Amino acid sequence: MLARRIIPCLDVMDGKVVKGIGFADHQVVGDAVELACRYSAEGADELVFYDITASPQRRRVDAAWVSQIARELDIPFTVAGGIGSLEDAQAILAAGADKISVNSPALANSDLINVLARRFGSQCVVVGIDSFWDGQDWQVKALTGDPSKMLNTNWKTRDWIKEVQSRGAGEIVLNCMNEDGRRAGYDLKQLHTMRKLCAVPLIASGGAGCQQDFANVFQKTGVAGALAASVFHKNIIAIAALKSYLREQNIEVRS
Amino acid sequence: MSLMIADTGCANLASVRFAFARLGVNAIISSAPEELALAERLVLPGVGSANAGMQALRTNGLDEMLGEFPRPLLGVCLGLQLLFDHSDEGDTDCLGRLHGAAESLSGTAGPVPHMGWNTLNICQMDPILSGLEDRTYVYFVHSFAIKPSPDTLAVTTYGTNFSAIVRRDNIYGCQFHPERSGKPGALILQNFLDVNP
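Throughout what follows, the structure given in this document is the object of discussion.

Basis of the calculations
Residues numbered from 1 in each chain as written. Chains lettered and ligands numbered in written order. Predicted model: local features only at pLDDT ≥ 70, side-chain atom pairs only at ≥ 80, totals over all residues. Heavy atoms only, no water. Helix = DSSP H or I, 4+ residues; strand = E, 2+ residues; numbered from the N terminus. Rg over C-alpha atoms; globule rule 2.2 N^0.38 Å. Buried < 20%, exposed > 50% of the residue type's maximum accessible area, 1.4 Å probe, protein only. Contact = heavy atoms within 4.5 Å. Areas by Shrake-Rupley, 256 points an atom, 1.4 Å probe, with all protein chains shown as cover. Lys, Arg positive; Asp, Glu negative; His and termini not counted. Charge placed at Lys NZ, Arg CZ, Asp CG, Glu CD. Buried area = accessible area lost by both parts, 1.4 Å probe. Salt bridge = Lys/Arg side-chain N within 4 Å of Asp/Glu carboxyl O. Polar contact = N/O pair within 3.5 Å; in protein donor to acceptor, adjacent residues only side chain to side chain. Pairing = 2+ DSSP bridges. Axes fitted to C-alpha atoms, helices over the stretch in contact; angles between N-to-C directions. Parallel < 35°, antiparallel > 145°, perpendicular 65-115°, else oblique. Left-handed = near helix turned anticlockwise from the far one by under 90°. Nonpolar A, V, L, I, M, F, W, Y, C, P; charged D, E, K, R; others polar. Expected span 1.5 Å × (residues − 1). Phe/Tyr/Trp six-rings, centres within 6.5 Å; stacked < 30°, edge-to-face > 60°. Lys NZ or Arg CZ within 6 Å of the ring centre and 35° of its normal.

**Section: the overall build of chain B**
Consideration 1: Counting its secondary structure elements, chain B contains six helices and 14 strands.
Consideration 2: For 197 residues, the compact-globule estimate of 2.2 N^0.38 gives 16 Å, and chain B sits close to it at 15 Å.
Consideration 3: Projecting the C-alpha coordinates of chain B onto the three principal axes gives extents of approximately 40 × 40 × 30 Å.
Consideration 4: Every one of the 197 residues in chain B was classed for burial, and the buried ones make up 61%.
Consideration 5: Looking at chain B alone, contacts between residues at least 24 apart form 69% of all its contacts between residues at least 6 apart.
Consideration 6: Surface accessibility of chain B: about 7,000 Å² in total, with carbon and sulfur atoms responsible for 48%.
Consideration 7: Side chains of chain B carry 12 positive and 20 negative charges; the gap between the two charge centres is 7 Å.

**Digging into the environment of Ser40(A)**
Residue and element names in this part refer to chain A.
Consideration 1: With respect to the element layout, serine 40 can be found in helix α1 (residues 32–42).
Consideration 2: Considered as a pair, serine 40 and isoleucine 75 are 35 residues apart in the sequence and their alpha carbons are 6.9 Å apart.
Consideration 3: Those residues within four positions of serine 40 in sequence are excluded, and the remaining contacts are Leu73, Asp74 and Ile75.

**Looking at the interface of chain B and chain A**
Consideration 1: Each partner contributes residues to the interface: chain B has 27 residues there, and chain A has 36 residues.
Consideration 2: Here chain B and chain A share an interface that buries about 2,600 Å² over both sides, 56% of which is from carbon and sulfur atoms.
Consideration 3: Where chain B packs against chain A, one counts one salt bridge.
Consideration 4: Between Asp98(A) and Arg180(B) there is a salt bridge whose closest N-O contact spans 2.6 Å.
Consideration 5: In this assembly, chain B and chain A are joined by 19 residue pairs in polar contact (both at pLDDT 80 or more).
Consideration 6: Per-element tally for the side of chain B that touches chain A: the top contributor is strand β8 (residues 114–119) of chain B, with six residues.

**Things to note about the sheet that holds strand β11 (residues 144–146) of chain B**
All names here are of chain B.
Consideration 1: Read from one edge of the open sheet, four strands run β6-β5-β7-β11, paired in mixed fashion. A strand with exactly one partner marks an edge of an open sheet, and here the two such strands are β6 (92–93) and β11.
Consideration 2: Two strands pair when backbone bridges link them, and strand β7 (residues 101–104) and β11 are joined in this way by three bridges, in the antiparallel orientation. The residue bridging serine 104 from the neighbouring strand is phenylalanine 144, located in β11.

**Section: the pairing of strand β10 (residues 137–142) of chain B**
Residues and elements named next belong to chain B.
Consideration 1: Burial analysis of β10 places six of its six residues in the buried class, the great majority of the element.
Consideration 2: Across the two faces of β10 the burial is the same, with Tyr137, Tyr139 and Val141 and Val138, Phe140 and His142 all buried.
Consideration 3: Pairing analysis gives six bridges linking β8 to β10, with the strands arranged antiparallel. In the strand pairing of β10, histidine 114 is matched with histidine 142.

**What about the packing of α1(A) against helix α2 (residues 63–72) of chain A?**
All names here are of chain A.
Consideration 1: Relative to each other, α1 and α2 sit at 25 degrees, their axes nearing to 10 Å. It follows that α1 is roughly parallel to α2 by the angle criterion. Helix-helix and strand crossings are classified by hand; for α1 and α2 the assignment is right-handed. Within the contact between the two elements, α1 uses Ala32, Val33, Ala36 and Cys37 and α2 uses Trp65, Gln68, Ile69 and Glu72.
Consideration 2: Residue composition of the contact of α1 with α2, grouped by class: six nonpolar, one polar and one charged.

**As for the sheet that holds strand β13 (residues 160–168) of chain B**
All names here are of chain B.
Consideration 1: The eight strands lie next to each other as β2-β1-β3-β4-β14-β13-β12-β9, forming an open sheet whose pairing is mixed. Each edge of the open sheet is held by one strand with a lone partner, namely β2 (28–30) and β9 (121–122).
Consideration 2: Inspection of the sheet shows strand β1 (residues 3–6) paired to β2 by three bridges, in the parallel sense. Within β2, the position partnered with isoleucine 5 by the bridge is isoleucine 29.
Consideration 3: Contacts from helix α6 (residues 182–194) reach β1, β3 (41–44), β4 (73–76), β13 and β14 (171–174), with the element oriented near 140 degrees to β3.

**Quick word on α6(B)**
Consideration 1: The terminal C-alpha atoms of α6(B), which comprises 13 residues, lie 19 Å apart, in line with the 18 Å expected from a rise of 1.5 Å per residue.
Consideration 2: Considered for burial, the residues of α6(B) that qualify are Gly182(B), Pro184(B), Gly185(B), Ile188(B), Leu189(B), Asn191(B), Phe192(B) and Leu193(B).

**Side note on the side chain of Gln165(A)**
All names here are of chain A.
Consideration 1: Among the secondary structure elements, glutamine 165 is positioned in helix α6 (residues 157–166).
Consideration 2: In this structure the side chain of glutamine 165 is engaged in a polar contact, spanning 2.8 Å, whose partner is the backbone oxygen of leucine 197.
Consideration 3: Setting aside chain neighbours within four positions, we find glutamine 165 in contact with Ile172, Leu197, Cys198, Ala199 and Val200.

**Concerning the environment of Ser101(A)**
Residue and element names in this part refer to chain A.
Consideration 1: On the secondary structure map, serine 101 appears in strand β6 (residues 99–102).
Consideration 2: Sequence-wise, serine 101 and aspartate 11 are 90 residues apart; in three dimensions their C-alpha atoms are separated by 13 Å.
Consideration 3: Among residues more than four places away in sequence, those in contact with serine 101 are Tyr50, Thr78, Val79, Ala80, Gly81, Ile83, Val126, Val127 and Gly128.

**A look at the packing of aromatic side chains**
Consideration 1: Under the definition given, this model contains eleven aromatic pairs over all chains.
Consideration 2: Measuring from centroid to centroid gives 6.0 Å for Phe214(A) and Phe232(A), while their planes differ by 40 degrees, and the two rings are tilted. Of this pair, Phe214(A) sits in helix α8 (residues 211–221) while Phe232(A) sits in helix α9 (residues 230–233); the two residues are 18 residues apart in sequence, bridging distant segments of the chain.
Consideration 3: A relative accessible area of 0% means that Phe214(A) is categorised as buried.
Consideration 4: Residue classification places Phe232(A) among the buried residues on the basis of a relative accessible area of 1%.
Consideration 5: Here Tyr172(B) and Phe192(B) contribute two aromatic rings whose centre-to-centre distance is 5.9 Å and whose plane-to-plane angle is 75 degrees, an arrangement assigned as edge-to-face. Separated by 20 residues along the polypeptide, Tyr172(B) in strand β14 and Phe192(B) in helix α6 bring together distant segments of the chain.
Consideration 6: An aromatic cluster of at least three residues, connected via ring pairs, comprises Tyr39(A), Tyr186(A), Phe214(A) and Phe232(A).
Consideration 7: Residue placement shows Lys189(A) over the ring face of Trp133(A); its charged tip is 5.6 Å from the ring centre.

These values are about where atoms sit, not about what they do.
So, in structure tokens, the structure goes:
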């Protein structure tokens, strides 16, 4: 049976893993390669690296650093951050990343998704979506890595989710911004709503605070994986213990 | 021992090369059929679509070489599918080293691509599976798959059963990514290095 995935997310700024609250005020939590290996050894199913400085600074993630990760790691990993062209994606995949994730550049030029899916196949094209509840509906935000450059878009999250799939996205990571970094649980209502619009795997992101939050998001929303950062970086949740807990709740996880 | 990886223009060669490097083997990457034909062991990786993959093989003249390669040959993911007769993806004729066709997983189970860790159910013992426990998790990312056949060594279930590991004579294939499947994946790659030529 297909296991639900536990995915530590490493927000990377200048080669260091950082974590902010609500996407701002970043603190350094460790070295990227070191943390990657630690999580893999502890039983992480996959890793995501977001170079959060790349899009706001209009530069691409560093391929040499990606290659260093690929050399060490024997589980899959995704790289995101400023991938805005076929050449950018080619460089990252050639360096050894398994998937590329596009967010802001896809909002600026949605045809990018088609171009990447045609060339590399949908299976390695992830679309990251930063979704914010504005009191009336969930709205997509762009350039969220730097609060001073963050932009509203004209996309409602539900419409953008349909759009990116029609263009060839093979997986969607939904960052629920209102919950991010607050450790008060995943946004079950939003994830449940959006999951029904997804024919491709949906990954929950934002809000994990305790083991039960993971059980809730798998049992109540049907997501394929759950992404989290601070609970792992700050040793609040150990991956091995989380997996035993989920197994006790009859949730299929990789042993 | 010369291990070579066929460069088909697809992008994931590095992760395969690094996986063998972790086993202490330096794999040579080449797109030249005359060079690859000399390999003692050959890996055909692949991501992307079947028609783009076959087109790349034909452009480089690799289709003929792969059609005749007499020593251990391992296809990974799309590389495995290209070793069969046909793929329904883009209605593509493939290399025909193994018999059967890749069919779409759409409508069979959950979301497609089938992406993530799923279990191997061993149905025939073979040296390539040596030391591997039954029901081990390995990492899959694919939208098409081959139905079980007499060449199937292990099946995986995603709505339907499909071939996860195949072998016929010197031809081996993994639908999943051994290079990204942790310890069980490394074991399979080591077994591939150890099988009799």
